[in-house]
Amino acid sequence: MRKAIGVDLGGSHVTAAVVSEDGKILSSHEQDLEDHAVDAVLQATEAMIDSALKDGEADGVVGIGIGSPGNIDLRNGSVVYSPNFQWENVPLGGRLSERFTQPIFVGNDARCATLGEYTYGTGRGTSNFVLLTLGTGVGGGIVADGDLILGNSDGAGEIGHHQIRARDGFVCNCGKIGCFEAQASGTGLIRHAFAVRNSFPRSTLLDKKPEKLGSKAIRKAAQAGDRHALAAWQNFAEDLAIGVANVIAFVNPQLIALGGGVSSAGDFMIDSIRDRVDELTTMVPKRTTRVVIAQLGNDAGVVGAATMALRGGLKAPG
Ligand SMILES: [Zn+2]
(Lines give C-alpha, C1' and ligand atoms only; values in the text may rest on other atoms or scores of the structure.)
Protein backbone atom coordinates (compact mmCIF):
# COMPACT_ATOMS: atom_id res chain seq x y z
CA MET A 1 0.00 0.00 0.00
CA ARG A 2 1.20 3.54 -0.75
CA LYS A 3 2.20 5.62 2.24
CA ALA A 4 3.30 9.16 2.91
CA ILE A 5 4.92 11.04 5.75
CA GLY A 6 2.71 13.77 7.14
CA VAL A 7 4.32 16.56 9.18
CA ASP A 8 2.35 18.82 11.50
CA LEU A 9 4.21 22.04 12.31
CA GLY A 10 2.47 23.20 15.45
CA GLY A 11 3.22 26.22 17.60
CA SER A 12 4.70 24.07 20.38
CA HIS A 13 5.78 20.87 18.63
CA VAL A 14 6.58 19.21 15.33
CA THR A 15 5.12 15.78 14.60
CA ALA A 16 5.97 13.47 11.69
CA ALA A 17 3.87 10.36 11.06
CA VAL A 18 3.88 7.57 8.52
CA VAL A 19 0.33 7.38 7.16
CA SER A 20 -1.05 4.70 4.87
CA GLU A 21 -3.30 5.36 1.90
CA ASP A 22 -6.33 4.29 3.92
CA GLY A 23 -5.65 7.08 6.41
CA LYS A 24 -4.13 5.03 9.23
CA ILE A 25 -1.21 6.35 11.29
CA LEU A 26 1.41 3.60 11.34
CA SER A 27 3.98 5.42 13.46
CA SER A 28 4.47 8.89 14.88
CA HIS A 29 7.42 10.96 16.11
CA GLU A 30 7.16 14.22 18.02
CA GLN A 31 9.56 16.85 19.28
CA ASP A 32 8.86 19.99 21.28
CA LEU A 33 9.45 23.28 19.51
CA GLU A 34 10.64 26.09 21.75
CA ASP A 35 12.23 28.30 19.13
CA HIS A 36 10.43 29.51 16.01
CA ALA A 37 13.60 30.65 14.24
CA VAL A 38 13.69 29.16 10.74
CA ASP A 39 16.82 27.05 11.29
CA ALA A 40 15.57 25.65 14.60
CA VAL A 41 12.22 24.64 13.08
CA LEU A 42 13.94 23.12 10.03
CA GLN A 43 16.33 21.15 12.22
CA ALA A 44 13.50 19.69 14.32
CA THR A 45 11.43 18.95 11.20
CA GLU A 46 14.33 17.17 9.50
CA ALA A 47 15.04 15.14 12.65
CA MET A 48 11.40 13.98 12.90
CA ILE A 49 11.24 13.09 9.17
CA ASP A 50 14.51 11.16 9.57
CA SER A 51 13.04 9.23 12.51
CA ALA A 52 9.90 8.44 10.51
CA LEU A 53 11.93 7.26 7.51
CA LYS A 54 13.98 4.95 9.72
CA ASP A 55 11.28 3.41 11.88
CA GLY A 56 10.45 0.32 9.85
CA GLU A 57 7.02 1.51 8.62
CA ALA A 58 8.41 3.71 5.87
CA ASP A 59 8.47 1.11 3.06
CA GLY A 60 6.34 2.51 0.25
CA VAL A 61 6.56 6.19 1.24
CA VAL A 62 5.88 8.15 -1.94
CA GLY A 63 6.17 11.68 -0.60
CA ILE A 64 6.42 14.00 2.38
CA GLY A 65 3.67 16.51 3.18
CA ILE A 66 4.23 19.47 5.50
CA GLY A 67 1.30 21.29 7.06
CA SER A 68 2.60 24.74 8.04
CA PRO A 69 0.87 27.74 9.56
CA GLY A 70 0.56 30.78 7.34
CA ASN A 71 0.02 31.65 3.72
CA ILE A 72 1.89 29.19 1.50
CA ASP A 73 2.97 29.62 -2.13
CA LEU A 74 1.95 26.19 -3.41
CA ARG A 75 4.14 26.48 -6.52
CA ASN A 76 7.39 26.37 -4.56
CA GLY A 77 6.38 25.43 -1.00
CA SER A 78 7.51 28.74 0.49
CA VAL A 79 5.84 30.23 3.55
CA VAL A 80 4.92 33.71 2.32
CA TYR A 81 3.74 34.99 5.68
CA SER A 82 3.11 33.40 9.06
CA PRO A 83 2.25 35.73 11.95
CA ASN A 84 2.38 32.79 14.40
CA PHE A 85 6.00 31.95 13.51
CA GLN A 86 6.83 35.54 12.50
CA TRP A 87 8.08 34.22 9.18
CA GLU A 88 8.18 36.00 5.84
CA ASN A 89 9.19 34.34 2.57
CA VAL A 90 10.76 31.25 4.09
CA PRO A 91 11.65 28.64 1.40
CA LEU A 92 10.54 25.71 3.56
CA GLY A 93 9.84 23.32 0.68
CA GLY A 94 13.08 24.26 -1.11
CA ARG A 95 15.24 23.69 1.95
CA LEU A 96 13.65 20.29 2.71
CA SER A 97 13.94 19.22 -0.95
CA GLU A 98 17.72 19.63 -0.69
CA ARG A 99 17.75 17.22 2.22
CA PHE A 100 15.33 14.43 1.16
CA THR A 101 14.94 12.45 -2.05
CA GLN A 102 11.14 12.02 -1.71
CA PRO A 103 8.96 14.76 -3.24
CA ILE A 104 8.09 17.49 -0.70
CA PHE A 105 4.67 19.19 -0.59
CA VAL A 106 3.95 22.17 1.67
CA GLY A 107 0.45 23.42 2.40
CA ASN A 108 -1.34 25.53 4.99
CA ASP A 109 -1.94 23.41 8.10
CA ALA A 110 -5.68 24.06 8.32
CA ARG A 111 -6.21 23.36 4.60
CA CYS A 112 -4.29 20.08 5.04
CA ALA A 113 -6.42 19.19 8.07
CA THR A 114 -9.55 19.93 6.03
CA LEU A 115 -8.36 17.58 3.32
CA GLY A 116 -7.68 14.88 5.94
CA GLU A 117 -11.04 15.31 7.66
CA TYR A 118 -12.80 15.39 4.28
CA THR A 119 -11.08 12.23 3.05
CA TYR A 120 -10.95 10.13 6.21
CA GLY A 121 -13.10 11.79 8.89
CA THR A 122 -16.53 13.39 9.23
CA GLY A 123 -16.37 14.81 5.71
CA ARG A 124 -16.36 11.40 4.01
CA GLY A 125 -19.27 11.02 1.63
CA THR A 126 -20.03 14.75 1.46
CA SER A 127 -19.03 17.05 -1.37
CA ASN A 128 -19.57 20.39 0.39
CA PHE A 129 -17.67 20.51 3.64
CA VAL A 130 -16.02 23.01 5.99
CA LEU A 131 -13.58 22.33 8.83
CA LEU A 132 -13.00 24.91 11.56
CA THR A 133 -10.14 24.13 13.94
CA LEU A 134 -10.62 25.92 17.25
CA GLY A 135 -7.25 25.89 18.95
CA THR A 136 -4.84 28.68 19.84
CA GLY A 137 -6.23 30.29 16.69
CA VAL A 138 -9.01 29.36 14.29
CA GLY A 139 -8.00 27.60 11.08
CA GLY A 140 -10.37 26.77 8.30
CA GLY A 141 -10.79 25.04 5.01
CA ILE A 142 -13.59 24.82 2.48
CA VAL A 143 -14.46 21.94 0.16
CA ALA A 144 -17.03 22.97 -2.45
CA ASP A 145 -18.45 20.51 -4.96
CA GLY A 146 -15.66 18.06 -4.09
CA ASP A 147 -12.73 20.47 -4.48
CA LEU A 148 -10.65 22.11 -1.79
CA ILE A 149 -11.03 25.83 -2.49
CA LEU A 150 -7.65 27.59 -2.60
CA GLY A 151 -8.44 30.89 -4.26
CA ASN A 152 -6.41 33.17 -6.46
CA SER A 153 -3.27 33.12 -4.31
CA ASP A 154 -3.93 30.02 -2.19
CA GLY A 155 -5.40 32.16 0.58
CA ALA A 156 -9.03 31.01 0.53
CA GLY A 157 -10.35 29.50 3.72
CA GLU A 158 -8.94 32.07 6.16
CA ILE A 159 -12.23 31.94 8.03
CA GLY A 160 -10.47 32.79 11.29
CA HIS A 161 -9.82 36.31 10.02
CA HIS A 162 -13.30 37.43 9.05
CA GLN A 163 -14.29 40.11 11.52
CA ILE A 164 -17.33 39.47 13.66
CA ARG A 165 -16.79 42.26 16.25
CA ALA A 166 -14.94 44.95 14.36
CA ARG A 167 -15.83 47.71 16.86
CA ASP A 168 -15.65 46.11 20.30
CA GLY A 169 -13.75 42.85 19.84
CA PHE A 170 -10.36 41.58 20.97
CA VAL A 171 -7.22 42.46 18.99
CA CYS A 172 -6.24 39.62 16.64
CA ASN A 173 -2.70 38.34 15.94
CA CYS A 174 -3.16 39.64 12.40
CA GLY A 175 -3.66 43.21 13.64
CA LYS A 176 -7.40 43.54 13.04
CA ILE A 177 -10.07 43.90 15.73
CA GLY A 178 -12.63 41.22 16.51
CA CYS A 179 -11.59 38.53 14.04
CA PHE A 180 -13.47 35.24 14.44
CA GLU A 181 -10.14 33.78 15.61
CA ALA A 182 -9.68 36.40 18.33
CA GLN A 183 -13.20 35.76 19.64
CA ALA A 184 -13.87 32.04 19.17
CA SER A 185 -10.52 30.26 19.62
CA GLY A 186 -9.18 28.80 22.86
CA THR A 187 -7.35 32.09 23.33
CA GLY A 188 -10.65 33.87 22.74
CA LEU A 189 -12.30 31.83 25.51
CA ILE A 190 -9.59 32.93 27.96
CA ARG A 191 -10.08 36.55 26.89
CA HIS A 192 -13.84 36.26 27.39
CA ALA A 193 -13.14 34.99 30.93
CA PHE A 194 -11.00 38.06 31.64
CA ALA A 195 -13.59 40.36 30.07
CA VAL A 196 -16.33 39.30 32.53
CA ARG A 197 -14.17 38.76 35.63
CA ASN A 198 -15.36 41.97 37.39
CA SER A 199 -18.84 40.48 37.60
CA PHE A 200 -17.45 37.53 39.58
CA PRO A 201 -15.27 39.06 42.33
CA ARG A 202 -15.02 35.82 44.31
CA SER A 203 -14.10 33.65 41.32
CA THR A 204 -10.72 31.89 41.42
CA LEU A 205 -10.95 30.79 37.78
CA LEU A 206 -8.15 33.09 36.63
CA ASP A 207 -5.91 32.80 39.70
CA LYS A 208 -3.06 31.12 37.87
CA LYS A 209 0.22 32.22 36.38
CA PRO A 210 -0.49 33.48 32.85
CA GLU A 211 1.61 30.72 31.26
CA LYS A 212 -0.40 28.06 33.13
CA LEU A 213 -3.77 29.50 32.19
CA GLY A 214 -5.27 27.44 29.38
CA SER A 215 -8.68 27.37 27.76
CA LYS A 216 -9.12 23.75 28.87
CA ALA A 217 -9.57 24.70 32.53
CA ILE A 218 -12.19 27.31 31.63
CA ARG A 219 -14.02 24.93 29.30
CA LYS A 220 -14.08 22.22 31.97
CA ALA A 221 -15.23 24.66 34.66
CA ALA A 222 -18.04 25.80 32.35
CA GLN A 223 -19.07 22.19 31.79
CA ALA A 224 -19.05 21.70 35.57
CA GLY A 225 -21.34 24.71 36.03
CA ASP A 226 -18.91 27.35 37.38
CA ARG A 227 -20.76 30.68 37.01
CA HIS A 228 -17.78 32.76 35.91
CA ALA A 229 -16.68 30.14 33.37
CA LEU A 230 -20.25 29.76 32.10
CA ALA A 231 -20.56 33.51 31.52
CA ALA A 232 -17.32 33.44 29.52
CA TRP A 233 -18.46 30.34 27.66
CA GLN A 234 -21.80 31.94 26.72
CA ASN A 235 -20.06 34.97 25.20
CA PHE A 236 -17.62 32.67 23.43
CA ALA A 237 -20.51 30.53 22.13
CA GLU A 238 -22.33 33.62 20.86
CA ASP A 239 -19.26 34.61 18.83
CA LEU A 240 -18.77 31.05 17.61
CA ALA A 241 -22.42 30.92 16.49
CA ILE A 242 -22.04 34.19 14.57
CA GLY A 243 -19.01 32.87 12.70
CA VAL A 244 -20.61 29.50 11.98
CA ALA A 245 -23.77 31.19 10.65
CA ASN A 246 -21.61 33.40 8.42
CA VAL A 247 -19.91 30.32 7.01
CA ILE A 248 -23.34 28.83 6.29
CA ALA A 249 -24.34 32.03 4.46
CA PHE A 250 -21.19 31.94 2.31
CA VAL A 251 -20.85 28.24 1.59
CA ASN A 252 -24.02 26.38 2.76
CA PRO A 253 -22.03 23.15 3.13
CA GLN A 254 -23.63 19.83 4.06
CA LEU A 255 -21.43 19.69 7.10
CA ILE A 256 -19.34 22.03 9.25
CA ALA A 257 -16.96 20.07 11.48
CA LEU A 258 -15.49 21.74 14.57
CA GLY A 259 -12.01 20.48 15.47
CA GLY A 260 -9.08 21.67 17.57
CA GLY A 261 -8.62 21.52 21.33
CA VAL A 262 -11.71 23.52 22.30
CA SER A 263 -13.93 21.10 20.38
CA SER A 264 -13.16 18.48 23.06
CA ALA A 265 -16.22 20.04 24.72
CA GLY A 266 -18.20 17.86 22.28
CA ASP A 267 -22.00 17.96 22.61
CA PHE A 268 -21.72 20.72 25.22
CA MET A 269 -20.32 22.96 22.49
CA ILE A 270 -22.80 21.91 19.79
CA ASP A 271 -25.73 22.37 22.22
CA SER A 272 -24.39 25.84 23.14
CA ILE A 273 -24.60 27.14 19.57
CA ARG A 274 -27.29 25.14 17.77
CA ASP A 275 -30.32 27.39 18.40
CA ARG A 276 -28.35 30.60 17.88
CA VAL A 277 -26.92 29.35 14.57
CA ASP A 278 -30.51 28.61 13.48
CA GLU A 279 -31.62 32.13 14.47
CA LEU A 280 -28.74 33.71 12.58
CA THR A 281 -29.32 31.62 9.45
CA THR A 282 -31.71 33.78 7.52
CA MET A 283 -31.32 33.50 3.76
CA VAL A 284 -30.23 29.86 3.61
CA PRO A 285 -32.85 27.21 4.50
CA LYS A 286 -32.38 26.43 8.19
CA ARG A 287 -30.76 23.14 9.23
CA THR A 288 -29.54 22.33 5.73
CA THR A 289 -26.04 22.52 7.19
CA ARG A 290 -25.22 20.16 10.04
CA VAL A 291 -22.65 21.26 12.63
CA VAL A 292 -20.72 18.40 14.22
CA ILE A 293 -17.49 17.69 16.10
CA ALA A 294 -14.57 16.62 13.86
CA GLN A 295 -13.46 12.99 14.05
CA LEU A 296 -9.70 13.01 13.52
CA GLY A 297 -8.90 15.21 16.54
CA ASN A 298 -5.20 15.87 16.98
CA ASP A 299 -4.41 13.47 14.13
CA ALA A 300 -5.98 15.74 11.50
CA GLY A 301 -2.70 17.65 11.01
CA VAL A 302 -0.44 14.73 10.16
CA VAL A 303 -3.14 12.74 8.33
CA GLY A 304 -4.05 15.82 6.28
CA ALA A 305 -0.43 16.62 5.39
CA ALA A 306 0.10 12.99 4.33
CA THR A 307 -3.12 13.09 2.27
CA MET A 308 -1.74 16.10 0.42
CA ALA A 309 1.46 14.17 -0.39
CA LEU A 310 -0.48 11.06 -1.47
CA ARG A 311 -2.61 13.20 -3.83
CA GLY A 312 0.44 14.98 -5.20
CA GLY A 313 -0.47 18.37 -3.71
CA LEU A 314 -3.48 20.25 -2.37
CA LYS A 315 -4.57 21.16 -5.88
CA ALA A 316 -4.46 17.72 -7.47
CA PRO A 317 -7.78 15.91 -7.95
CA GLY A 318 -8.53 13.33 -5.26
ZN1 LIG B 1 -7.25 38.23 12.35
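Keep in mind it's a predicted model, so treat the numbers as computed, not measured. (Residues numbered from 1 in each chain as written. Predicted model: local features only at pLDDT ≥ 70, side-chain atom pairs only at ≥ 80, totals over all residues.)

## Some remarks on the overall build of the protein chain
Across its full length, the protein chain carries nine helices and 13 strands. Whereas a compact globule of 318 residues would reach a radius of gyration of roughly 20 Å, the protein chain reaches 19 Å, a difference of no more than 12%. Its C-alpha atoms give the protein chain principal-axis dimensions of about 60 × 45 × 30 Å. Within the protein chain, contacts between residues at least 6 apart in sequence are counted, and of these 64% link residues at least 24 apart. (Helix = DSSP H or I, 4+ residues; strand = E, 2+ residues; numbered from the N terminus. Rg over C-alpha atoms; globule rule 2.2 N^0.38 Å. Contact = placed C-beta atoms within 7 Å.)

## Brief notes about the domain arrangement of the protein chain
Taken as a whole, the protein chain is organised into domain 1 (3–116 + 299–311) and domain 2 (125–295). Taking only C-alpha atoms, the centre of domain 1 and the centre of domain 2 are 26 Å apart. Put simply, the parts of the chain that give the side of domain 1 that touches domain 2 at least two residues each are strand 5 (71–73) and helix 3 (109–120). Broken down by element, the residue count for the side of domain 1 that touches domain 2 peaks at six residues, all from helix 3. Of the residues that constitute the side of domain 1 that touches domain 2, the class distribution is seven nonpolar, four polar and three charged. (Domains from an automatic or database assignment. Nonpolar A, V, L, I, M, F, W, Y, C, P; charged D, E, K, R; others polar.)

## What about the nonpolar core?
Membership of the largest hydrophobic core comes to 90 residues, with the highest contact counts inside it found for Ile5, Val7, Ile66, Ile218, Val244, Ile256 and Ala306. At 13 residues, helix 7 (residues 227–251) tops the list of elements feeding residues into this core. In this structure, this core is formed jointly by two domains, domain 1 (3–116 + 299–311) and domain 2 (125–295), each of which donates at least three residues. The residues contacting Val7, other than those within four sequence positions of it, are Val14, Thr15, Ala16, Thr45, Met48, Ile49, Ile64, Gly65, Ile66, Gly67, Val302 and Ala305. (Core = buried A, V, L, I, M, F, W, Y, C linked by C-beta atoms within 7 Å. Buried ≥ 20, exposed ≤ 12 C-beta atoms within 10 Å, placed from the backbone.)

## Remarks on unusual backbone geometry
The phi angle at Asn89 is positive, at roughly 45°, despite the residue not being glycine. On the neighbour-count criterion, Asn89 (9 C-beta atoms within 10 Å) is exposed. Of note in this structure, Asp145 is not a glycine but carries a positive phi near 50°. Counting through the fold element by element, Asp145 comes out in the loop between strand 10 (138–144) and strand 11 (147–148).

## Looking at the environment of Leu258
Among the structural elements, Leu258 can be located in strand 12 (residues 255–259). According to the C-beta neighbour criterion, Leu258 is buried, with 25 such atoms within 10 Å. Between the alpha carbons of Leu258 and Arg227 there is a distance of 25 Å; along the sequence they are 31 residues apart. If we skip the residues at most four places from it in the chain, Leu258 touches Leu132, Leu134, Ser263, Met269, Val291, Ile293 and Ala294.

## A closer look at the sheet that holds strand 2 (residues 13–20)
Reading across the sheet, the five strands line up as 3-2-1-4-8 and stay open at both edges, with mixed pairing between neighbours. Of all strands in the sheet, those with a lone pairing partner are strand 3 (25–32) and strand 8 (104–108), marking the two edges. The mean inter-strand angle of the sheet, taken between neighbouring strand axes irrespective of direction, is 20°. Inspection of the sheet shows strand 1 (residues 3–9) paired to strand 2 by seven bridges, in the antiparallel sense. From the neighbouring strand, Asp8 faces strand 2, where its bridge partner is Thr15. (Pairing = 2+ DSSP bridges. Axes fitted to C-alpha atoms, helices over the stretch in contact; angles between N-to-C directions.)

## Focus on helix 2 (residues 92–99)
Think of an α-helix as turning once every 3.6 residues; residues three or four places apart then point the same way. Of the residues making up helix 2, those classed as buried are Leu92, Gly93 and Leu96. The arc enclosing the buried residues of helix 2, seen along the axis, measures out at 90°, which places them on a common side. For helix 2, the elements touching its buried residues are strand 4 (61–68), strand 6 (78–82), strand 7 (87–90) and strand 8. (Arc of directions from axis to C-beta.)

## Some thoughts on the packing of helix 6 (residues 215–223) against helix 7
In the contact formed by helix 6 and helix 7, the axes pass within 8 Å of each other and the chain directions differ by 105°. Considering their axes alone, helix 6 and helix 7 lie roughly perpendicular with respect to each other. Residues Ile218, Ala221 and Ala222 of helix 6 form the contact with helix 7, whose own contacting residues are Ala229, Leu230, Ala232 and Trp233. (Parallel < 35°, antiparallel > 145°, perpendicular 65-115°, else oblique.)

## Regarding helix 6
All buried positions along helix 6 are accounted for by Ser215, Ile218, Arg219, Ala221 and Ala222. Projected onto a plane normal to the axis of helix 6, the buried residues spread over an arc of 165° and lie on a single side. Packed against the buried residues of helix 6 are helix 5 (186–195) and helix 7. Once helix 6 ends, the next one or two residues include Gly225, with phi positive near 95°.

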